[in-house]
Amino acid sequence: KMSVLLALITSSVAFRASAPRCSRPRVARPPACFEAIAKTSQPHGPPSETDSAALATASPAPALQPREVVATMLHALHRSNRGTGGYEAALRFISPTHQYRADFERSGKYSASFARYLRQPHKASLLGWDEYRWDGDTTLIQGEAYQQTSVRASADATWTSVRWLLTSKEVEGSGASQWMVEAVFVDEPDDAELAAVEPLAPLEEPERRQIFAQLDTDESGAISPESFVGVVASLGFPREQAEALAAATDTDGDGAITFGEFSALLSKVNQQASAAGSFARLVTDGVRATADAAQSPHDVVTKVLRALRDEPPYPLYGAEVAIRYCSPTNPAAQLTPATFATYLDEPHYAILTQWDEVEEEEEEEE
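Not measured: the values here are computed from a predicted model.

Let us now look at the overall build of the protein chain. A count of helices and strands for the protein chain gives 18 helices and seven strands. By the burial criterion, 44% of the 366 residues in the protein chain qualify as buried. Taking the intrachain contacts of the protein chain between residues at least 6 apart in sequence as the baseline, contacts between residues at least 24 apart amount to 61%. Carbon and sulfur atoms form 52% of the exposed surface of the protein chain, whose accessible area is close to 19,200 Å².

Now for the confidence of the model for the protein chain. Considering every residue of the protein chain, the mean pLDDT works out to 77; 74% of them sit at 70 or more. Of all secondary-structure elements in the protein chain, the lowest mean pLDDT belongs to helix 1 (residues 2-9), at 37, while strand 7 (residues 257-258) reaches the highest, 96. Contacts from residues 190-197, a stretch scored under 50 in pLDDT, to residues over four places away or in other chains number seven contacts.

Where helix 11 (residues 225-234) meets helix 12 (residues 239-249), the closest approach of the two axes is 9 Å, and the angle between their N-to-C directions is 135 degrees. Taken together, the axis directions place helix 11 and helix 12 in an arrangement best described as oblique. Once helix 11 is placed against helix 12, the crossing between them reads as right-handed. On the side of helix 11, the interface is formed by Pro225, Phe228, Val229, Val232 and Ala233, while helix 12 contributes Arg239, Ala242, Glu243, Leu245, Ala246 and Thr249.

Let us look at the pattern of salt bridges. Taken as a whole and assessed by the stated rule, the structure comprises six salt bridges. Here Arg133 makes a salt bridge to Asp135, at a shortest N to O gap of 3.1 Å. Measuring nitrogen to oxygen at the nearest pair gives 2.9 Å for the salt bridge that ties Arg209 to Glu205. On the criterion of helical spacing, the pair formed by Arg209 and Glu205 is a turn pair, its members being four residues apart in helix 10 (residues 205-215).

This part covers helix 16 (residues 317-324). With six of its eight residues buried, helix 16 lies for the most part within the structure. Within helix 16, the full set of buried residues consists of Gly318, Ala319, Glu320, Val321, Ala322 and Ile323. In this structure, the buried residues of helix 16 make contact with helix 15 (297-309) and helix 17 (337-344).

The next subject is the nonpolar core. Ranked by internal contacts, the top residues of the largest apolar core, which has 32 residues, are Leu74, Leu77, Leu126, Trp164 and Leu166. Within the residue set of this core, elements represented by two or more residues are helix 4 (66-77), helix 5 (86-92), helix 8 (124-127), strand 1 (131-134), strand 3 (144-152), strand 4 (160-170) and strand 5 (177-186). Here this core takes seven residues from helix 4, the largest share from any one element. In contact with Trp164, other than residues within four places in its own chain, are Val70, Met73, Leu74, Leu77, Leu126, Ala145, Tyr146, Gln147, Thr149, Val181, Ala183 and Val184.

Here helix 15 spans 18 Å end to end across 13 residues, near enough to the 18 Å set by a 1.5 Å rise per residue. Of all the residues in helix 15, the buried ones are Val301, Val304, Leu305, Ala307 and Leu308. Seen end-on, helix 15 carries its buried residues on one side only, within an arc spanning 160 degrees.

A few words on the side chain of His78. In this structure, His78 sits in the loop between helix 4 and helix 5. A polar side-chain atom of His78 sits 3.1 Å from the main-chain carbonyl oxygen of Trp129. A polar atom in the side chain of His78 sits 3.1 Å from the side chain of Asp130. Here His78 is in contact with Pro46, Pro47, Trp129 and Asp130, once residues within four sequence places are set aside.

Below, the discussion takes up the packing of helix 15 against helix 16. One way to put it is that helix 15 packs onto helix 16 with a least axis distance of 7 Å and a crossing angle of 160 degrees. Taken together, the axes of helix 15 and helix 16 lie roughly antiparallel to each other. Considering the relative orientation of helix 15 and helix 16, their crossing is left-handed. Residue-level contacts link Lys303, Val304, Ala307 and Leu308 of helix 15 to Tyr317, Gly318, Ala319, Val321, Ala322 and Arg324 of helix 16. Considered class by class, the residues forming the contact of helix 15 with helix 16 number seven nonpolar, one polar and two charged.

With that settled, the discussion passes to the pairing of strand 3. In terms of burial, strand 3 is largely enclosed, as seven of its nine residues are buried. Strand direction decides the pairing type here: strand 2 (residues 139-141) and strand 3, joined by three bridges, are antiparallel. Paired with Ile141 across the bridge in strand 3 is Glu144. Hairpin connection of strand 2 to strand 3: two residues between the antiparallel strands, including Gln142 at a positive phi of 45 degrees.

What counts, and at which threshold
Residues numbered from 1 in each chain as written. Predicted model: local features only at pLDDT ≥ 70, side-chain atom pairs only at ≥ 80, totals over all residues. Heavy atoms only, no water. Helix = DSSP H or I, 4+ residues; strand = E, 2+ residues; numbered from the N terminus. Buried < 20%, exposed > 50% of the residue type's maximum accessible area, 1.4 Å probe, protein only. Contact = heavy atoms within 4.5 Å. Areas by Shrake-Rupley, 256 points an atom, 1.4 Å probe, with all protein chains shown as cover. pLDDT = per-residue confidence, 0-100. Axes fitted to C-alpha atoms, helices over the stretch in contact; angles between N-to-C directions. Parallel < 35°, antiparallel > 145°, perpendicular 65-115°, else oblique. Left-handed = near helix turned anticlockwise from the far one by under 90°. Salt bridge = Lys/Arg side-chain N within 4 Å of Asp/Glu carboxyl O. Core = buried A, V, L, I, M, F, W, Y, C linked by side-chain atoms within 4.5 Å. Expected span 1.5 Å × (residues − 1). Arc of directions from axis to C-beta. Polar contact = N/O pair within 3.5 Å; in protein donor to acceptor, adjacent residues only side chain to side chain. Nonpolar A, V, L, I, M, F, W, Y, C, P; charged D, E, K, R; others polar. Pairing = 2+ DSSP bridges.

Structure below.
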């Protein structure tokens, strides 16, 4: 249904600020090995025989703190425990509201389904770790816990970030609650990646000709340098920079900017450290924003769905289009296309890239 698909497209990862710790009821102690690991700040190596043996009886409990749950999960997912009960132990800590938990319960084949889910490429580093560390304190916010960790395959390998989201679930009939894993995010973009300007597809030739025609006010087939400088300056460029850009764009120096010269300028949309690139990106963003504003919600949803489903003209095209239509208040709008694409690999988003028919539901009037 269209309403469901739209909700999926606009879903995003929530980033929360730090919050003070809160106390939790304690009715039993966790295995000593996991409790000790949770309190240590130094990098941890592969699970020991004692750690692996503890997985046989490891289960959620009110006494377990978020770090102890994460440590248990990491040990359960380590390759040394694959095929020896590790996946079964990990599944016991998956929240009942987790998308995959519901799938596993319907299929009745926990380990096989879980193994397929974990074989997704972006989860490889989570399964191939030989060292992990805690990155910062646990953040607790209204029944949710966030814990940042890093993993790496060897002592000289690069660290990969892994963020854990846990939710507090009530233990039926006890009045107590216990922490369970709601989601795991592997290798999210850091601040530098979020701040980076992503490659932008240049305007198509019809769009370039339309802009050129608007600037060619006398319909002479060329833009005068004076007119061009005025346009560039109106976009916030210093006049000296606008004049230099006009001179650079007029490559044959005949005192007029032809369509070919103007088109070449707009093709520099990804030359970030230049006036030409900045101007080209401003024009490109402006054209697309104007076109987007004229579209109906139906048009927007259809365009995004088709971009995600159809054969892309270049890699990550679908993710780029989806990000462009995200609301500015949606954190997904700040993701890189490459990172956005990793979320599309999740099984519960598969319908967005594999659909064959779309049915639109009419909203009931109140």
